[in-house]
Amino acid sequence: MTPANVPAASDSSAASPPPGVRLTGLDAARALAIVGMIAVNVGPRGEPGMAGFVYDLPVGRASILFVVLAGVGMSFLTRAARAPSGRLPWRTVLWRSALLFAGGLALQELGHNVSVILAVYGALFLLSLPLLRAPTPVLAALAGILLAVGPVVWIGVQLASGTVFQFADPDLSNDVPHLLHRIFISGSYPVLVWCVPFLVGLILGRAPLTDRRLQKRLVLWGGGAAAGAYALSQVLIRLLGQPGDEIGWDRLLSAVGHSQMPLWLISSIGTALVAIGGLLWAGDLVDRRLGMLVSAGRLSLSIYVAHLFVLAAIIRPEPHTLLRGYLITIVLSAVLVLLAHLWVRWRPIGPLEQLMRLPGRR
């Protein structure tokens, strides 16, 4: 399971792919994340029955997978800076951060009824600059600290202020204090919490991802984390009681999607590692059978933005039923994946992906 034209690693010392070579398993994982986010954003959510349960599976998982992959991509982008005398591509990072931040705020103004994650991406990219050369143990320690502290601070601020966060998303109408508050703590994707999966991605991007043993370990360890954290949450809830509707310290028991709690983070990051490790391990199958998914992964940003425009211009206020949600998700995802595949046959990089490149750089 290696990218095309790259030999399989024979031992655990294998390096990450050289610059210019893509791991198709990562592209497939990006596409999987995008399709999951489309399903979540189309809705409806919380419907009863097995069909509703299956439809809700990507909630709190697809977006975490996308953020982990963003960290992997940032790690790839800046790997040369970790070499002796390596230069940090800070201009490129700042350019991408600014575009994502401004674009995310502007896209939030559309009538799609979706929480746009791109402004938080921009903030994460900017905040990662001082960490891109940091030793891996430092990143791991920071991720562990924030995993424990971030959710506690998130709850504590609400208790101390006597207000409950309404997951209001940042947009162009916010003044600076409210904008920063929504980006860092009170929005749908508070940086205080979502920096953890991004840090995991930064660490993962330094690993020998072409090593088959590592790929299998990602599946096993990720699966154990995903199942174990969720099971621990259920056990604790049975012993201590279901968290109440009002914000309180009992919320720490939750593993519900977007609860911002540690057990949810561990479970969702574990699911992301399973997806990444599994698709890397199955790279030969991905190359032979999932070419359209790989193409969609290469245009993940373009597809994400496109689906927001489609939701705002064509679909809303639908869907009103779960069946319509399934149909809209399937059709929209299929059309966007097909268009991405046709685009890649014409040009290897998507329109918005090209925009992310620093002007003057090929």
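If you check an unreviewed UniProt entry, the protein appears there as DUF418 domain-containing protein from Citricoccus alkalitolerans.

J.: Which parts of the structure should I look at to understand the overall build of the protein?
T.: Within the protein, the secondary structure is distributed over 15 helices and zero strands. Against the globule reference of 21 Å for 362 residues, the protein gives a C-alpha radius of gyration of 20 Å, in line with a compact fold. When the backbone C-alpha atoms are referred to their principal axes, the protein occupies close to 55 × 45 × 45 Å. Residues counted as buried form 50% of the 362 residues belonging to the protein. In the protein, of all internal contacts separated by at least 6 residues, the share reaching a separation of at least 24 is 75%. Element-wise, carbon and sulfur atoms account for 66% of the exposed surface of the protein, whose accessible area totals about 16,900 Å². A distance of 14 Å separates the average location of the 28 positive side-chain charges in the protein from that of its 16 negative side-chain charges.

J.: Can you walk me through a nonpolar patch on the surface in this structure?
T.: Taken together, the side chains of Met 292, Val 331, Val 335, Leu 338, Leu 339 and Leu 342 define a hydrophobic patch exposed on the protein surface, amounting to about 520 Å² of accessible area. Top element by residues in the nonpolar patch is helix H14 (residues 322-346). It accounts for five residues. For Leu 342, the location among the structural elements is in helix H14. Using a relative accessible area of 47% as the deciding quantity, one classes Leu 342 as partly exposed.

J.: It is not clear to me how the UniProt feature "domain: DUF418" (unreviewed entry) in the protein should be interpreted in this structure. Could you clarify?
T.: The UniProt record marks residues 264-357 with the feature "domain: DUF418" (unreviewed entry), using the residue numbering of this structure. As a span, residues 264-357 carries 84% helix and 0% strand, and end to end its C-alpha atoms are 34 Å apart.

J.: Would you take a moment to explain the packing of helix H9 (residues 212-240) against helix H10 (residues 262-281) for this structure?
T.: Think of two packed helices as two axes; the pair is described by the angle between the axes and how far apart they sit. In the contact formed by H9 and H10, the axes pass within 7 Å of each other and the chain directions differ by 155°. As the angle between them shows, H9 and H10 are arranged roughly antiparallel. Of the two possible hands of crossing, H9 and H10 adopt the one that is left-handed. Of the residues belonging to the contact of H9 with H10, the class tally is 14 nonpolar, nine polar and two charged.

J.: Looking at this structure, I do not really get the pattern of salt bridges. What am I missing?
T.: Charged atoms that come close allow side chains of opposite charge to pair. Scanning the model with the defined rule gives three salt bridges in all. Across the pair Asp 27 and Arg 30 runs a salt bridge, and its minimum N-O distance is 3.1 Å. Taken as a pair, Asp 27 and Arg 30 lie in helix H1 (residues 24-42) at a separation of three residues, close to a single helical turn. With respect to class, Asp 27 is no different from Arg 30; both count as buried.

J.: So what exactly am I meant to see when it comes to the nonpolar core here?
T.: Within the largest apolar cluster, 89 residues are counted, with the highest numbers of intra-cluster contacts made by Leu 26, Ile 117, Leu 118, Leu 209, Ile 276 and Tyr 304. Not counting the four nearest positions on each side in its chain, Tyr 304 is found in contact with Ile 34, Met 37, Ser 115, Val 116, Ile 117 and Leu 118. Among the nonpolar cores identified, the runner-up in size contains six residues, and Trp 154, Phe 165, Ile 247 and Met 261 belong to it.

J.: Before we go on, may I ask you to explain the environment of Pro 58 in this structure?
T.: Relative to the helices and strands, Pro 58 resides in the loop between helix H2 (49-55) and helix H3 (62-77). Along the sequence, Pro 58 and Val 40 sit 18 residues apart, while their C-alpha atoms lie 6.6 Å from each other. If we skip the residues at most four places from it in the chain, Pro 58 touches Gly 36 and Val 40.

J.: Where do I start with the confidence of the model for the protein in this structure?
T.: Should pLDDT be low for a region, the predicted coordinates there are not to be read in detail. With 93% of its residues at a pLDDT of 70 or more, the protein has an overall mean of 92. Note on residues 1-14: pLDDT is under 50 here. Beyond four places in sequence and across chains, it has 29 contacts.

J.: Is there a simple way to think about the side chain of Ser 302 in this case?
T.: Here Ser 302 shows up in helix H13 (residues 300-315). Judged by its relative accessible area of 11%, Ser 302 is buried. Separated by 2.6 Å, the side chains of Ser 302 and Glu 353 make a polar contact. Setting aside chain neighbours within four positions, we find Ser 302 in contact with Gly 350, Pro 351, Leu 352 and Glu 353.

Conventions and cut-offs
- Residues numbered from 1 in each chain as written.
- Predicted model: local features only at pLDDT ≥ 70, side-chain atom pairs only at ≥ 80, totals over all residues.
- Heavy atoms only, no water.
- Helix = DSSP H or I, 4+ residues; strand = E, 2+ residues; numbered from the N terminus.
- Rg over C-alpha atoms; globule rule 2.2 N^0.38 Å.
- Buried < 20%, exposed > 50% of the residue type's maximum accessible area, 1.4 Å probe, protein only.
- Contact = heavy atoms within 4.5 Å.
- Areas by Shrake-Rupley, 256 points an atom, 1.4 Å probe, with all protein chains shown as cover.
- Lys, Arg positive; Asp, Glu negative; His and termini not counted.
- Charge placed at Lys NZ, Arg CZ, Asp CG, Glu CD.
- Patch = residues over 30% accessible without salt bridge, like charges linked within 9 Å, V, L, I, M, F, W, Y side chains within 5 Å.
- Salt bridge = Lys/Arg side-chain N within 4 Å of Asp/Glu carboxyl O.
- UniProt positions renumbered as here; feature names shortened; annotations may be inferred.
- Axes fitted to C-alpha atoms, helices over the stretch in contact; angles between N-to-C directions.
- Parallel < 35°, antiparallel > 145°, perpendicular 65-115°, else oblique.
- Left-handed = near helix turned anticlockwise from the far one by under 90°.
- Nonpolar A, V, L, I, M, F, W, Y, C, P; charged D, E, K, R; others polar.
- Core = buried A, V, L, I, M, F, W, Y, C linked by side-chain atoms within 4.5 Å.
- pLDDT = per-residue confidence, 0-100.
- Polar contact = N/O pair within 3.5 Å; in protein donor to acceptor, adjacent residues only side chain to side chain.

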